[in-house]
Amino acid sequence: MEGGGVKPGNGCLKAVAALIVLLLVLGAGLWLAGDYLKSRFLAPDPVTIASSSLQGLREQNRLSTFAARYVAVVTSKQSRVGLSAEKTMIMPGMVRYEVDLAKLQQKNVVWDAANKRLTVTLPPIEIVGPDVDINAIREYSGGGILMRLTNAEDQLDAANRKAGQAELVRQAREEMPMRLAREATRRAVEHSFAMPLKAAGLEAQVAVYFPDEPGARDREQWDRSRSVQEVLGNRN
């Protein structure tokens, strides 16, 4: 009998081929699963990081990054029975510019994944004060006879105090100090969001707006593909 070797049958070859295909499929599946798990759990998630930054800001309650000192000069006059009196008051006062961070909500922070851009819309700037420097107030008066005979001086003082505080607030609301206050607040908030993203190795642009500024409109929710609720829900 020639050719004493045993040749494998077709069934054996098919079984080996099927096993190889199965191993290849399993290997590809494991590779894809590993890649997914790496991107899902190991890669930094900008929405989660921004959500943590948002919570940290809200816990501060109020943010004050700018203050300014103003001086009001006001004069009140009064006339009675042919007599007149007047008083001039020089009133210095400090005004703070604050943002109520408790009003900052998730819908005010938007992540644009395509452009790697985080947009934050802040509540409006609020003016707090004025804190009047009582020791620095100076007064000048005229018409002493009327003030000695009546309560005209008390009324003039009350009118000057009211007018002086209103004048300090008016100065605080002028365009230049409001612009400086916004820029100082904008830089502080940009830093609060940008630093954690940078520390996580994410190159992202952070833009901060106030409600009445261009760019703040049409930015009312998180990117729906990765909302905060969905990210946290998937981890439960």
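Residues numbered from 1 in each chain as written. Predicted model: local features only at pLDDT ≥ 70, side-chain atom pairs only at ≥ 80, totals over all residues. Heavy atoms only, no water.

A.B. asks: With reference to specific residues and values, describe the sheet that holds strand 4 (residues 117-121).
C.D. replies: In spatial order, the strands read 3-4-7; together these three strands make up an open sheet with mixed pairing. Looking at strand neighbours, the two that pair on one side only are strand 3 (109-112) and strand 7 (205-209), the edges of this open sheet. Each strand axis lies, on average, 15° off the axis of its neighbour in the sheet, ignoring direction. For strand 4 and strand 7, the ladder comprises five bridges, and the chain directions are parallel. Bridging across to strand 7, valine 120 finds its partner in valine 208. The strands touched by helix 5 (residues 175-199) within the sheet are strand 3, strand 4 and strand 7, with strand 7 carrying the most contacts at an inclination of about 155°. (Pairing = 2+ DSSP bridges. Helix = DSSP H or I, 4+ residues; strand = E, 2+ residues; numbered from the N terminus. Axes fitted to C-alpha atoms, helices over the stretch in contact; angles between N-to-C directions. Contact = heavy atoms within 4.5 Å.)

A.B. asks: Tell me what's going on with the confidence of the model for the chain, and back it up with residues and numbers.
C.D. replies: Per-chain confidence: the chain averages 80 in pLDDT, with 72% of residues scoring 70 or above. Low pLDDT (under 50) marks residues 25-39, which in the prediction has two contacts with non-local residues, meaning those over four places away or in another chain. Below pLDDT 50 for its whole length, residues 223-232 participates in 17 contacts with residues either more than four positions away or in separate chains. (pLDDT = per-residue confidence, 0-100.)

A.B. asks: Explain the pairing of strand 1 (residues 62-80) to me, using residue names and the numbers behind them.
C.D. replies: Looking at chain direction, strand 1 and strand 2 (residues 83-100) are connected through 18 bridges and run antiparallel. Each bridged residue has a counterpart across the sheet, and for serine 76 the counterpart in strand 2 is lysine 87. Here strand 1 folds back onto strand 2, and the loop between the two strands holds two residues, one of which, valine 81, carries a positive phi near 40°.

A.B. asks: Which residues make up the pairing of strand 2, and what are the values?
C.D. replies: Side chains on a regular strand alternate between the two faces of the sheet. Taken together, the five bridges between strand 2 and strand 6 (residues 138-142) define a ladder with antiparallel strand orientation. Within strand 6, the position partnered with glutamate 86 by the bridge is glycine 142. Inspection of the sheet shows strand 2 paired to strand 5 (residues 126-132) by five bridges, in the antiparallel sense. Each residue of the ladder has a partner; that of tyrosine 97, found in strand 5, is isoleucine 127.

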